[in-house]
Amino acid sequence: MSALYSPATKLDLYASFPYNNSMATLTKQTVSKQKTSRLDIRLTDAQRQLIERAAELTGSTLTQWTARHLLESARKDIEEATVLHLESQAFQDFIQALDQPVPPAAEKLMERDPQWA
């Protein structure tokens with residue numbers, strides 16, 4: 001096997017992308033990170049025009065702008081649904097409650113077999 005085709009040879013791919021008229025170099029590392037999942041949504045013409053204008057004003061492609069904003073909104077929604085924020089005093093009260101002995105009624109409840117078992 002010649003050195004040209006050895007497994008250690010860096011793999012470079014060149015492609016011209018019509019949507020930005022530029023030449024891109026893809027290495028083996030970036031090829032493995034290519035996006036392969038699609039998300040299709042239905043919009044009114046007015047909604048699409050608004051999003052296209054926002055993408056254009058920020059110098060982003062429609063895909064870049066949409067993906068960035070969807071990911072930001074998804075992270076925000078997940079955080080709001082899963083993270084509990086407490087004021088300082090409420091947090092201190094919570095910590096103190098954790099240090100207290102378990103009430104007898106709670107101990108009795110924990111001794112029972114759960115209904116889902």
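Scoring rules and cut-offs
Residues numbered from 1 in each chain as written. Predicted model: local features only at pLDDT ≥ 70, side-chain atom pairs only at ≥ 80, totals over all residues. Heavy atoms only, no water. Helix = DSSP H or I, 4+ residues; strand = E, 2+ residues; numbered from the N terminus. Buried < 20%, exposed > 50% of the residue type's maximum accessible area, 1.4 Å probe, protein only. Contact = heavy atoms within 4.5 Å. pLDDT = per-residue confidence, 0-100. Salt bridge = Lys/Arg side-chain N within 4 Å of Asp/Glu carboxyl O. Expected span 1.5 Å × (residues − 1). Patch = residues over 30% accessible without salt bridge, like charges linked within 9 Å, V, L, I, M, F, W, Y side chains within 5 Å. Areas by Shrake-Rupley, 256 points an atom, 1.4 Å probe, with all protein chains shown as cover.

(A) Summary view of the environment of Arg-68. By the element assignment, Arg-68 lies in helix α3 (residues 62-82). Assessed through its relative accessible area of 33%, Arg-68 is described here as partly exposed. Look past the residues within four positions of Arg-68 in its chain and what remains in contact with it is Thr-58 and Ser-60.

(B) Structural detail: the confidence of the model for the protein chain. Residue-level pLDDT values for the protein chain average 82, and 72% of them are 70 or greater. Mean pLDDT across the secondary structure elements of the protein chain bottoms out at strand β1 (residues 12-17), with 52, and peaks at helix α2 (residues 45-57), with 97.

(C) Fine view of the pattern of salt bridges. Under the defined criterion, the tally for this structure stands at three salt bridges. Across the pair Arg-38 and Asp-40 runs a salt bridge, and its minimum N-O distance is 3.6 Å. Here Arg-38 and Asp-40 have matching classes, each one exposed. Note that Lys-76 and Glu-80 form a salt bridge whose closest N and O atoms lie 3.3 Å from each other. One end of the pair, Lys-76, and the other, Glu-80, are both in helix α3, four residues apart, so they sit about a helical turn from each other. Using a relative accessible area of 49% as the deciding quantity, one classes Lys-76 as partly exposed. Look at Glu-80 and you get exposed, because its relative accessible area is 54%.

(D) Broad picture of α2. The end-to-end C-alpha distance of α2, which contains 13 residues, comes to 18 Å, matching closely the 18 Å that a straight helix rising 1.5 Å per residue would cover. Positive backbone phi, approximately 75°, marks Gly-59, located one or two places after α2.

(E) Focus on a nonpolar patch on the surface. A surface patch of nonpolar side chains, amounting to about 590 Å² of accessible area, comprises Leu-84, Leu-86, Phe-91, Phe-94, Ile-95 and Leu-98. Relative to the helices and strands, Phe-91 resides in helix α4 (residues 88-99). The exposure class assigned to Phe-91 is partly exposed, which follows from its relative accessible area of 40%.

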